[in-house]
Structure formats: structure tokens, C-alpha cells
Amino acid sequence: MRVLAVSDRVEPLLQGPGLESVTNGVEAVLSCGDLPFDYLEYLVTFIGVPLFYVRGNHDPRDDTGKHPGGCIPIGGRVEDFGGFSIAGLSGCMWYSGGSNQYTERQMSRASRSISRRLRISRSFGKGLPTVFVSHAAPRGIGDAGDLCHRGFGAFLDLTRRHNPELWVHGHVHLYGRHDNDDSHDLNLGSTRVVNAYGYRLLDL
């Protein structure tokens, strides 16, 4: 399955006549947060495939009732699609008390809830390989040193428990990266960790 992962930066290449050539063969879009909702609505409308999203620290909170039309929220949820379980975790490390910011303890609770959902799914015989979508990175794997951009240690526990094929995140900006450049991809055990800043095309 080919997916388009997007985060943090509106890509001119994905707007206008270039969209179809870039997204040919894409079966789903994964949004890692901090993108205008009208941009997500544009992508889901013109690519014509499901778009799964989590919220970043510059997005409105879930309880505001604001959401991108036609898109599927996966923050704190698990959705099955294309032979995979897609699990989502919104937000970043608490640094100012703003929107979608969480302490390590809060994210640990959210991570345990996601684990329960995945175990329940497996108990019903699904047993699908897992893809995690988050805004923040796992701690020490593609995050940054300042508090705002520090990753969550709870995400490391999730990879140990569920051994996902892919963990895709945003939040840490990669200035100067060439289009769809994989040179910043990292590995956490057998899990490929991808920063989707701007956009990435990924084959699962």
C-alpha cells in the first residue's frame, strides 16, 4: 500500500496541477498535524482516498468541534485500513499549557489506551500489522532537545509492545530537506521512524 504522509508545512507541489502526478497510486493520506484544515479538505477531495489525521499543538482541540470535513480523526483511536491497523496519538510535550499539549504521564495513559484497543482488535482475530501516526516523535528518535520538541518516552514502550512496521510523525521541522528525501529516516528496532514534515510518499 502506498500512502502520502503530510505534516506542518503546506506543500506547493501538492496544490494545483502537480498533485495528480505526485499522488498517483496513493491509497491513503496520513496527516501528522499542524496543517490548515482547508488544506486537508483539499487533499481528501482531489486525491479521493481516505485521510486519517491527528492534531498538532497548533491545531484546535478536539472539544472545540472544529475538524476537517471528510477526514477521519485517529487521535486516541485505531482504524483498520488496507490490511493495517492505523493508530493515532495527537499533540506534543507540555511546554506552555496551550492546545494539544500533554505531560509524559498523560501521554502514558493515552498510550496504554491505544495498546488496549490494539489487543482487543487482535483478540477478534484481526492481528494486523500496525502503523502509528503521531504529531510528536518518540523520545530520542528524531526529536529535538528543547522541551516543546522533545519526544515521548511512552512511544518507546508502544514500539516494544507492538513492533509497528512504521511510525510517522511531524512537529520537528526539517529545513532545507529535498522533496521526499529519506535521509532523515531512523530505525527503532525493526520500526522505521519517518518525519513527514512537508510530505513523504511511503510504501507499506
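Heads up: these notes are all about the structure in this document. Remember, predicted model here, so these are calculated numbers, not experimental data.

**Points about the sheet that holds strand β3 (residues 51-53)**
Strand order in this open sheet of five strands is β4-β3-β2-β1-β13, and the pairing throughout is mixed. Each having just a single partner strand, β4 (72-73) and β13 (198-203) make up the two edges of the open sheet. Relative to β4, β3 runs parallel, the two being bridged by two bridges. Each residue of the ladder has a partner; that of phenylalanine 52, found in β4, is isoleucine 72. Along the sheet, helix α2 (residues 37-47) makes contact with β1 (2-7), β2 (28-31) and β3, crossing β3 at roughly 155°.

**Brief notes about the side chain of histidine 169**
Topologically, histidine 169 is positioned in strand β10 (residues 166-169). Not counting residues within four places of it along the chain, the set of residues in contact with histidine 169 comprises Cys32, Ser134, His135, Ala136, Ala137, Pro138, Ile141, Gly142, Val193, Val194, Asn195 and Ala196.

**Overview of the nonpolar core**
If you look at the biggest cluster of nonpolar residues, it comprises 20 residues, and the most contacted ones within it are Leu4, Val6, Leu14, Leu40, Leu43, Ile47 and Leu51. Breaking this core down by element, the ones donating at least two residues are β1, α1 (19-23), α2, β3 and β13. Looking at which element gives the most residues to this core, the answer is α2, with six residues.

**Concerning the packing of aromatic side chains**
Applying the stated criterion across every chain yields a total of seven aromatic pairs. For the pair phenylalanine 132 and tryptophan 167, a centre-to-centre distance of 4.6 Å together with 15° between the ring planes defines the contact as stacked. With phenylalanine 132 in strand β9 (residues 130-134) and tryptophan 167 in strand β10, the pair connects residues that are 35 residues apart, well separated along the chain. Classification of phenylalanine 132 as buried rests on a relative accessible area of 0%. Its relative accessible area of 0% is what places tryptophan 167 among the buried residues. Feature note: the residues Phe132, Phe152, Phe155 and Trp167 constitute an aromatic cluster, connected by ring pairs.

**Quick look at a positive patch on the surface**
Where like charges cluster on the molecular surface, the positive patch consists of Arg105, Arg109, Arg112, Arg116, Arg117, Arg119 and Arg161. If one sorts the elements of the positive patch by residue count, helix α3 (residues 104-123) sits on top with six residues. Examined against the element boundaries, arginine 112 turns out to sit in helix α3.

**Concerning the sheet that holds β10**
One open sheet holds the six strands; their spatial order is β5-β6-β9-β10-β12-β11, and the pairing between them is mixed. Across the chains shown, the open sheet's two edge strands, defined by having one partner strand only, are β5 (78-81) and β11 (186-188). Taken pair by pair, the neighbouring strands of this sheet meet at an average axis angle of 25°, ignoring direction. For β10 and strand β12 (residues 191-195), the ladder comprises four bridges, and the chain directions are parallel. Of the residues in β12, the one forming a bridge with valine 168 is valine 194. Across the sheet, α3 is in contact with β5, β6 (84-89) and β9; its angle to β6 comes to roughly 165°.

**Considering the state of the cysteines**
Each disulfide consists of a covalent bond between the sulfur atoms of two cysteine residues. Within this structure, the stated rule accounts for zero disulfides. Lacking any disulfide linkage, cysteine 148 is separated from the closest cysteine sulfur, that of cysteine 92, by 4.9 Å.

**Concerning the pairing of β9**
When you tally the buried positions in β9, you get five out of five residues, the bulk of the element. What you see with β9 is no split at all: Thr130, Phe132 and Ser134 on one side and Val131 and Val133 on the other are buried throughout. Direction of pairing for β9 relative to β10: parallel, over a ladder of three bridges. The partner of valine 133 across the bridge, within β10, is valine 168. You can see the chain leave β9, run along helix α4 (residues 153-162) and come back into β10, and the turn it takes is right-handed.

**Topic: the pairing of β5**
Regular strands have side chains that alternate between both faces of the sheet. Both β5 and β6 contribute to a ladder of four bridges, which runs antiparallel. In the strand pairing of β6, glutamate 79 is matched with isoleucine 86. Hairpin remark: β5 followed by β6, antiparallel, with two residues in the connecting loop; positive phi at glycine 82, about 60°.

Calculation notes
Residues numbered from 1 in each chain as written. Predicted model: local features only at pLDDT ≥ 70, side-chain atom pairs only at ≥ 80, totals over all residues. Heavy atoms only, no water. Pairing = 2+ DSSP bridges. Helix = DSSP H or I, 4+ residues; strand = E, 2+ residues; numbered from the N terminus. Contact = heavy atoms within 4.5 Å. Axes fitted to C-alpha atoms, helices over the stretch in contact; angles between N-to-C directions. Core = buried A, V, L, I, M, F, W, Y, C linked by side-chain atoms within 4.5 Å. Buried < 20%, exposed > 50% of the residue type's maximum accessible area, 1.4 Å probe, protein only. Phe/Tyr/Trp six-rings, centres within 6.5 Å; stacked < 30°, edge-to-face > 60°. Patch = residues over 30% accessible without salt bridge, like charges linked within 9 Å, V, L, I, M, F, W, Y side chains within 5 Å. Areas by Shrake-Rupley, 256 points an atom, 1.4 Å probe, with all protein chains shown as cover. Salt bridge = Lys/Arg side-chain N within 4 Å of Asp/Glu carboxyl O. Lys, Arg positive; Asp, Glu negative; His and termini not counted. Charge placed at Lys NZ, Arg CZ, Asp CG, Glu CD. Disulfide = S-S within 2.5 Å. Right-handed = clockwise from strand over helix to strand, strands pointing away.

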